[in-house]
Amino acid sequence: MTDYKLLIADPSYSSWSLRGWLCFAAFGIPVSVRVTRLYTDQFFTDVTAFASHARTVPLAVASDGSQFTDSLTIVEELAQRHPEACLLPADPQQRAHARALMAEMHNSFTNLRADCPMNTRAAYAKTPISEEVEKDLRRLVQLWQTRKGTWLFGEHYSAADAFFAPVAARIAGYALPVTKKARAYVEAHLRHLPFRQFRAWGQTFASQSFYLRDYAVAEWPGPAPLIARAADADVGDSVNKNCPYSGRPVTDFLEMSGRIYGFCNPRCRDKTVLDPAAWPAFMALVAA
Ligand SMILES: N[C@@H](CCC(=O)N[C@@H](CS)C(=O)NCC(=O)O)C(=O)O
């Protein structure tokens, strides 16, 4: 079986990284993920060490030596190598439509992308928008208008949905005006477990003040997280002796509803504190 490695950057901010990551995580394709930082000297070193002909993230490398150095290539290669994962719709007309949507996302919406950079740590009550951003929003609404279910092609999440997850995060975070139907699509992204996992995990990395805006802040408009906190405890206090994610002995703890749960490292504990219900393996432990 092919193994994959994925290099991404700043998970709270790098929209292309979110797309690349979702192409694995939302389709159950195992991948080992590494994270680098944009706008640092380390970035170029990490990228070229990972894949010789790469320049940007996300980039994936397969154990057969193939390098997927662009998000569209990641989709196409994974769709071809893992047909059972259904990254693209099976119906030929829908598949062609999904490809067109991804291509348009890949090469358009530059004003929205520049004026409202993705930042899944912040939400604003109101954002001033230019006519060009309004035009981008109208086009997104038009593209999403034909959707027949929760997702663009019904109830099955496709790679085309993964491609729009970062703009959905922008519409939510910057409170951008869209139609009711488009808003429902944005909310489906905010509820989607892989998106919530990426958002919670992203917040365990360093923040970048560069992305903050001077607008009135609001609560993040996605589902409110269950209340949990990091706890100074030890294995004797913990409901579990082995980490729900790795199976290794627990060393770091959280408290939720008066019970202590353990994890094998601080980052896995912290991502769980940030949104406990986003993690099925943790919630299975809570329910047990
Ligand atoms: N065409 C690329 C675009 C990726 C891209 O622009 N990634 C940004 C991060 S969000 C990047 O690596 N920027 C660093 C740079 O341009 O030097 C793709 O779809 O994967």
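Some points on the overall build of the chain
Scanning the chain from N- to C-terminus turns up 11 helices and 7 strands. At 19 Å, the chain has a C-alpha radius of gyration in line with the 19 Å of a compact globule built from 288 residues. Overall size of the chain, expressed as C-alpha extent along the three principal axes, is 55 × 50 × 40 Å. In the chain, buried positions account for 39% of the 288 residues.

Description of the domain arrangement of the chain
Each assigned domain of the chain is listed here: domain 1 (4–85), domain 2 (92–199) and domain 3 (229–287). Inter-centroid distance (C-alpha atoms) of domain 1 to domain 2 is 21 Å. In this assembly, 14 residues from domain 1 lie in contact with 16 residues from domain 2. Of all the elements in the fold, those that place two or more residues in the side of domain 1 that touches domain 2 are α1 (15–25) and α3 (71–81).

Considering the site of the ligand
Lining the immediate surroundings of the ligand are A9, S14, S15, W16, S17, L38, T56, V57, P58, D70, S71 and H106. The dominant element in the shell around the ligand, judged by the number of residues it contributes, is α1, at 3 residues. Residue classes in the shell around the ligand are distributed as 5 nonpolar, 6 polar and 1 charged.

Quick notes on the pairing of strand β1 (residues 4–9)
Burial analysis of β1 places 5 of its 6 residues in the buried class, the great majority of the element. Examined bridge by bridge, β1 and strand β3 (residues 59–62) share 4 bridges and lie antiparallel to one another. Of the residues in β3, the one forming a bridge with L7 is L59. Note: β1 against strand β2 (residues 32–36), 5 bridges, orientation parallel. Bridge pairing in β2 places K5 opposite S32. In this region the chain leaves β1, passes through α1 and returns to the parallel neighbour β2; the handedness of that crossover is right-handed.

Focus on the sheet that holds strand β6 (residues 252–256)
Pairing is antiparallel in the open sheet, where 3 strands are placed in the order β5-β6-β7. Lying at the two open borders of the sheet, with one neighbouring strand each, are β5 (229–231) and β7 (259–263). Strand-to-strand, the axes of this sheet are offset by a mean angle of 40°, without reference to chain direction. Packing against the sheet, helix α10 (residues 266–274) makes contact with β5, β6 and β7, and its axis sits at approximately 15° to β6.

Conventions and cut-offs
- Residues numbered from 1 in each chain as written.
- Predicted model: local features only at pLDDT ≥ 70, side-chain atom pairs only at ≥ 80, totals over all residues.
- Helix = DSSP H or I, 4+ residues; strand = E, 2+ residues; numbered from the N terminus.
- Rg over C-alpha atoms; globule rule 2.2 N^0.38 Å.
- Buried ≥ 20, exposed ≤ 12 C-beta atoms within 10 Å, placed from the backbone.
- Domains from an automatic or database assignment.
- Contact = placed C-beta atoms within 7 Å.
- Near = placed C-beta within 6 Å.
- Nonpolar A, V, L, I, M, F, W, Y, C, P; charged D, E, K, R; others polar.
- Pairing = 2+ DSSP bridges.
- Right-handed = clockwise from strand over helix to strand, strands pointing away.
- Axes fitted to C-alpha atoms, helices over the stretch in contact; angles between N-to-C directions.

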